[in-house]
Amino acid sequence: MNLASIYQVSTLNALMQGYTRKAVTVAELLRHGDTGLGTFENVDGEMIVVDGCCFRATDNGGVTEMAPDVGVPFASVAFLDGDVREFDLQRVEGVDALRNLLDLKIEEDFGLNSMHVVRIDGSFNEVRARSESGMRSQHVELKEILKDRQKDFAFENVNGSLICLYHPDFMQGINAAGWHFHFVSEDRMSGGHVFDVSLAKGRVRLKKLSQIRIQLPTEAAFDTYSLTKATQGDIKKVEQGT
């Protein structure tokens, strides 16, 4: 059986504890998926993978396409093809409302204990997002890096794509449980990690994933990190951009 799968680099707990070194390259990552999200070596910006291209959102909300040899410490990608469910959305106010709508859609397919990749192409009244500049460090927790390096920004009346990943609750720590959103504009000039959104209208493509492959870092330094220290509160603060 050829199961739809997601490819993940490292774990969220490792990133939370400060493991921000290269585990794979962008080129290696893109061999395993054309849609996804993550970050770059030294947490140098937010990653958006769309249409098989890898983009970096900088701390001013600008976006650039990344070279194949750039390092990746944490990311998740999948191929958004094959058995894909499509539907339209109209007027969604707030990220919580969007989460609830997507939850209902995956419940219809009995998918709350599976993983899902979603792309929403549409018109947005507003996207509130953040990104960060890199900091070379070791054993510095992600929340401390972001406290000093991240910046918030907003995009108004913009067309673009939301890239969304869902992981079930039992996978908390491997990745962030629930929905995780990154945005890139249609002209590929702006984007970031999304913590609030106002959607005017959009077209959704949703794919259920039943298999995960995790590529752990191979260098010895990875084994010096305690990967059970990150709390749900810390993960929620990082996810919400606070």
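Residues numbered from 1 in each chain as written. Predicted model: local features only at pLDDT ≥ 70, side-chain atom pairs only at ≥ 80, totals over all residues. Heavy atoms only, no water.

## Topic: the environment of Phe-74
Working step 1: Relative to the elements of secondary structure, Phe-74 occurs in strand E8 (residues 74-78).
Working step 2: Since its relative accessible area comes to 5%, Phe-74 is described here as buried.
Working step 3: A C-alpha to C-alpha distance of 16 Å links Phe-74 and Val-50, two positions 24 residues apart in sequence.
Working step 4: Excluding residues within four positions of it along the chain, Phe-74 makes contact with Gln-8, Val-9, Ser-10, Thr-11, Leu-12, Leu-15, Gly-38, Thr-39, Ile-174 and Asn-175. (Helix = DSSP H or I, 4+ residues; strand = E, 2+ residues; numbered from the N terminus. Buried < 20%, exposed > 50% of the residue type's maximum accessible area, 1.4 Å probe, protein only. Contact = heavy atoms within 4.5 Å.)

## Structural notes on the side chain of Glu-46
Working step 1: In this fold, Glu-46 is placed in strand E4 (residues 46-50).
Working step 2: Residue Glu-46 is classed as buried on the basis of its relative accessible area, which comes to 6%.
Working step 3: A distance of 3.1 Å separates polar atoms of two side chains, one belonging to Glu-46 and the other to His-182.
Working step 4: For Glu-46, the contacting residues outside a window of four places in its chain are Gly-38, Phe-40, Phe-55, Arg-56, Ala-57, Arg-130, Ser-131, Glu-132, His-182, Gly-192 and His-193. (Polar contact = N/O pair within 3.5 Å; in protein donor to acceptor, adjacent residues only side chain to side chain.)

## Quick notes on the pairing of strand E1 (residues 5-9)
Working step 1: By the criterion of burial, E1 is predominantly enclosed, with four of the five residues buried.
Working step 2: Sheet analysis places E1 next to strand E14 (residues 211-215), joined by five bridges and oriented parallel. By the bridge assignment, Gln-8 is partnered in E14 with Ile-214.
Working step 3: Inspection of the sheet shows E1 paired to E8 by three bridges, in the antiparallel sense. Across the sheet, residue Val-9 finds its bridge partner in E8, namely Ala-75. (Pairing = 2+ DSSP bridges.)

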